[in-house]
Amino acid sequence: MIHLENVVKTYKVARRGTGTRETLRAFFRRDYTEIRALDGLSFDIPDGEIVGLLGPNGAGKSTAIKILSGILYPDSGTVECNGFVPYKDRMRYTREIGVVFGQRTQLFWDVPVGDSYALLKDIYDIPDDVFNENLEEMTALLRLEKLLTTPARQLSLGQRMRCELAASLLHSPKILFLDEPTIGLDAASKLAVRKFVRDVNERRQTTVILTTHDMQDVEALSERVMMIGKGKLLLNGTLSDIRREGESLDESLVEFYRQIELDNREEEEDLS
Amino acid sequence: MKRHSFRLYRHYVALNIRSSMQYKSSFMFTILGQTIATVSTLLSLIFIFQRFPVIKGFTLNDVILCAGIVQLQFSIAEMWARGFDRFAVTVRRAEFDRILLRPRNHVLQVLGSQFELSRIGRLIQGIIMIVYGVIKAQVNWTFLKGLTLFNMIVCGTLLFSGLHMIRAGLCFFTLQGLEFMNIFTDGFREHGKYPLSIYGDKFLLICTIVIPYTLTQYYPLLYLIGKRTDWWLPWSPLPSLLFLIPCWLIWRIGVRHYQSAGS
């Protein structure tokens, strides 16, 4: 059970003009602007659900994931995940979650993937039997046999993502965060990732929280979508709330953003 | 729990060593470069002492022993605290997020993230200089002198590690490498070749109360080479460990700042 109530998070961002003169000036006197990444975000996610977090770039999705996974403190509001306050009970809470960042790796770059897994076993203190069972299951589901002996740097992006997914599940987490897990993957790898996430959710009742810009990911995986814009929850429903007749999902989504004034033109005006 | 932490640390080190073995030629060249640098250090000492046989009461052999000890302290710290030394990169690549996502102590994970085996070149040369200095300076070996040397190496290594930790803690605010911090690490390795008293009393005082270099170098060295015999000198490196408290606090403040400010 994940419970978020009225969560606010602001960043201070140094503002400066362009050009040498302005840069020099900014060196001595900085103007800060506050950016509200989350502006009173509230939602609940029951156990075992797959939820897609949607929203344009800069909407606050990553901030939400970082607060839910305990990386950041909120300025105010309540956060509770499976009975833990993520940023307070870090040591115990992180045992219950797995996190995959599509753009970054958690594997040691120069050693075989299997060696990184062995390190994770020690980091999470995973008992032998649990570790072996999980590794076997992941190897079968993600076809990792050959990859386990390959150094991470020699893997293709798709192969690496399969290895990342396995890495984040070795300690049997109850919640899995996937931040753009299919970014840059080819069609076959995308399908493999989606199928795997569905399988894991069914087999283990793992709660999955997914952020993505790929509407097909959402279509294939989540019963529920939550739309975040300007740090607020704009929609808590299903894809059918967004989908419009005779349009692709992407087109429908853009139209949806436009209706709630979230399209890029608006955002650019905000920035100027 | 403690035992597990130690096992985990060993595991990290083993993985790091295996990683660096992937790049054998880079490894060999690094060691070669360090050897040349150390030999030139030695030569510069020898040249200076050809003109002045004694500097403020210290002979060439005393200084070689001193330089060897500082070299050893510095290189062990560089080897095992490399994760703090290179922390700016970790922060900028947002790899610190991953550290926060794991149920382990931050410090242990940062130490484990890097282990610079290639510093073994400098380390061995430090040992050679110490052995040479000990033999040539005719140190009358006693248990207490052995203890003095041991305390100097352990506390000096931790002092350098603490300085790396301060730099890492400040990285959370600047997101940049802080080159000026090198004054305190590389700078001391260079100037610390000589017993710090040769730079004058004021400098000696600053290097005792601001950053306690003298406690891991000058004072115990006096005992080692038999210039003074006060009972407390073998233990003089130990108070320098207090310096680790502010280092740790700065690190803690940095981590807090990171978590509240975002990356």
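Residues numbered from 1 in each chain as written. Chains lettered and ligands numbered in written order. Predicted model: local features only at pLDDT ≥ 70, side-chain atom pairs only at ≥ 80, totals over all residues. Heavy atoms only, no water.

**Student:** I would appreciate a short explanation of the overall build of chain B in the present structure.
**Tutor:** Each helix and strand in chain B was counted, giving 14 helices and 2 strands. Here the C-alpha radius of gyration of chain B, 19 Å, is about what a compact globule of 263 residues would show, namely 18 Å. By principal-axis analysis of the C-alpha atoms, chain B measures approximately 55 × 40 × 35 Å. Across chain B, every contact between residues at least 6 apart in sequence was considered, and the portion connecting residues at least 24 apart equals 78%. Of the roughly 12,400 Å² of accessible surface on chain B, 68% is carried by carbon and sulfur atoms. Charge separation in chain B, taken as the distance between the mean sites of 27 positive and 11 negative side-chain charges, equals 7 Å. (Helix = DSSP H or I, 4+ residues; strand = E, 2+ residues; numbered from the N terminus. Rg over C-alpha atoms; globule rule 2.2 N^0.38 Å. Contact = heavy atoms within 4.5 Å. Areas by Shrake-Rupley, 256 points an atom, 1.4 Å probe, with all protein chains shown as cover. Lys, Arg positive; Asp, Glu negative; His and termini not counted. Charge placed at Lys NZ, Arg CZ, Asp CG, Glu CD.)

**Student:** It is not clear to me how the layout of surface pockets should be interpreted in this structure. Could you clarify?
**Tutor:** Any space left empty among the atoms is revealed by the rolling of a water-sized probe across them. Taken as a whole, the largest pocket encloses approximately 1,300 Å³ of empty space. Mapped onto the lining of the largest pocket, the elements with two or more residues apiece are α4 (113-123) of chain A together with α1 (2-20), α2 (24-51), α5 (87-92), α6 (96-100) and α7 (106-113) of chain B. Along the lines of polarity and charge, the residues of the lining of the largest pocket split into 15 nonpolar, 13 polar and 9 charged. (1 Å grid on protein atoms, 1.4 Å probe; cavity = no way out; pocket = protein on both sides within 12 Å on 5 of 7 lines; lining within 4 Å. Points joined across faces, edges and corners; volume = space filled by probe spheres on them. Nonpolar A, V, L, I, M, F, W, Y, C, P; charged D, E, K, R; others polar.)

**Student:** Looking at this structure, I do not really get empty space enclosed by the protein. What am I missing?
**Tutor:** The final tally for this structure, using the stated rule, is 1 cavity of 30 Å³ or more. In this structure, the largest cavity occupies an estimated 40 Å³ of space. Every residue lining the largest cavity is listed: Thr94, Ile97, Gly98, Val99, Gln106, Tyr124, Ser168 and His171 of chain A together with Arg98 and Leu101 of chain B. Counting residues per element, the lining of the largest cavity draws most heavily on strand β5 (residues 97-101) of chain A, at 3 residues. Partitioning the lining of the largest cavity into residue classes produces 4 nonpolar, 5 polar and 1 charged.

**Student:** What is the right way to read the sheet that holds β5 of chain A from this model?
**Tutor:** Hydrogen bonding along the main chain pairs the strands of a sheet, whether they run parallel or antiparallel. All names here are of chain A. Spatial ordering of the open sheet is given by β5-β6-β7-β3-β8-β9, a layout of 6 strands whose pairing is mixed. The open sheet has two edge strands, β5 and β9 (232-237), and neither has a second partner. Between one strand axis and the next, the sheet turns by 15 degrees as a mean value, whatever way the strands run. Relative to strand β7 (residues 207-211), strand β6 (residues 175-179) is paired through 5 bridges, and the arrangement is parallel. Pairing of Leu176 across the sheet is with Val208, part of β7. Contacting β5 and β6, helix α6 (residues 157-169) runs over the sheet at an angle of about 160 degrees to β5. (Pairing = 2+ DSSP bridges. Axes fitted to C-alpha atoms, helices over the stretch in contact; angles between N-to-C directions.)

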